Amino acid sequence: MKKLLVVAALIAVPCCAMAQDKEARIAVDALAWKENAAFPKGVQVVTLVGDPSKAGEVVVLRIKFPANFQMPPHTHPYSEVATLISGQVGTSQGEKFAKNGDMLKPGSLWVYPAKHAHYLWTGNEEAILQVQFVSPGGIDYINPADDPRKK
């Protein structure tokens, strides 16, 4: 756990430094949640900082997952720092979905390196996750049949 926090700090410090050239204040009431074609139906996303389509930008997203949801195994082209804002989630790594691990509570933080297969699931209530990364964004599903853009 200590190693995970050190890695998160090392990633977060440069990200914060790069993001300081613009001021950003976002009221929670002003969030405009939207479905995103790259995520399964029911998942909503809002971009708080940056542009995931532009290379080299610090991006902060919030992702709202419905209750009793399973996010299929996938990877990203970037390393991500994830913080649970509300609800409970379980998260694990690997190319096959299995509920391995305890449910995490709000305030929990984890880091997954770029191109690292992982997945998550929610409990009996919706969960909101905040994810930070350096763009470009992207998601690749391990099983192409899980990709909602191909349905």
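Quick caveat: nothing in here was measured; it's all calculated off a predicted structure.

Draft legend 1. Looking closely at the sheet that holds strand β3 (residues 58–65). Here six strands make up an open sheet; going across it, the order is β1-β2-β3-β9-β5-β7 and the pairing antiparallel. A strand with exactly one partner marks an edge of an open sheet, and here the two such strands are β1 (34–35) and β7 (109–112). Bridging between β1 and strand β2 (residues 44–49) involves two bridges; their strand directions are antiparallel. Among the inter-strand pairings, Glu35 is bridged to a residue of β2, identified as Gln44.

Draft legend 2. Molecular detail of the side chain of Lys64. Secondary-structure assignment places Lys64 in strand β3. Glu126 is the oppositely charged side chain nearest to the buried, salt-bridge-free Lys64, at an N-O distance of 4.4 Å. Leave out the neighbours within four places in its chain, and Lys64 touches Trp33, Gly42, Val43, Gln44, Glu126, Ala127 and Ile128.

Draft legend 3. Broad picture of the packing of aromatic side chains. Under the defined criterion, the tally for this structure stands at five aromatic pairs. Aromatic pair Phe97 and Trp121: ring centres 5.9 Å apart, planes at 70 degrees, arrangement edge-to-face. Of this pair, Phe97 sits in the loop between β6 (89–93) and β7 while Trp121 sits in strand β8 (residues 118–122), and the two are 24 residues apart along the sequence. With a relative accessible area of 3%, Trp121 lands in the buried category. An aromatic cluster of three or more residues is present, and its members are Phe97, Tyr119 and Trp121.

Draft legend 4. Quick peek at the pattern of salt bridges. In the structure shown here, the tally under the stated rule is one salt bridge. Of the charged contacts, one joins Arg149 and Asp147 as a salt bridge, the two residues approaching to 2.8 Å between their closest N and O atoms. Residue classification places Arg149 among the partly exposed residues on the basis of a relative accessible area of 42%.

Draft legend 5. Representation of the sheet that holds strand β10 (residues 140–141). Pairing is antiparallel in the open sheet, where four strands are placed in the order β6-β8-β4-β10. In this open sheet, the two strands that pair with only one neighbour each are β6 and β10. In this structure, β6 lies alongside β8, joined through five bridges in antiparallel fashion. When the bridges of β8 are listed, Gln93 appears paired with His118.

Reading guide: rules and limits
Residues numbered from 1 in each chain as written. Predicted model: local features only at pLDDT ≥ 70, side-chain atom pairs only at ≥ 80, totals over all residues. Heavy atoms only, no water. Pairing = 2+ DSSP bridges. Helix = DSSP H or I, 4+ residues; strand = E, 2+ residues; numbered from the N terminus. Buried < 20%, exposed > 50% of the residue type's maximum accessible area, 1.4 Å probe, protein only. Lys, Arg positive; Asp, Glu negative; His and termini not counted. Salt bridge = Lys/Arg side-chain N within 4 Å of Asp/Glu carboxyl O. Contact = heavy atoms within 4.5 Å. Phe/Tyr/Trp six-rings, centres within 6.5 Å; stacked < 30°, edge-to-face > 60°.

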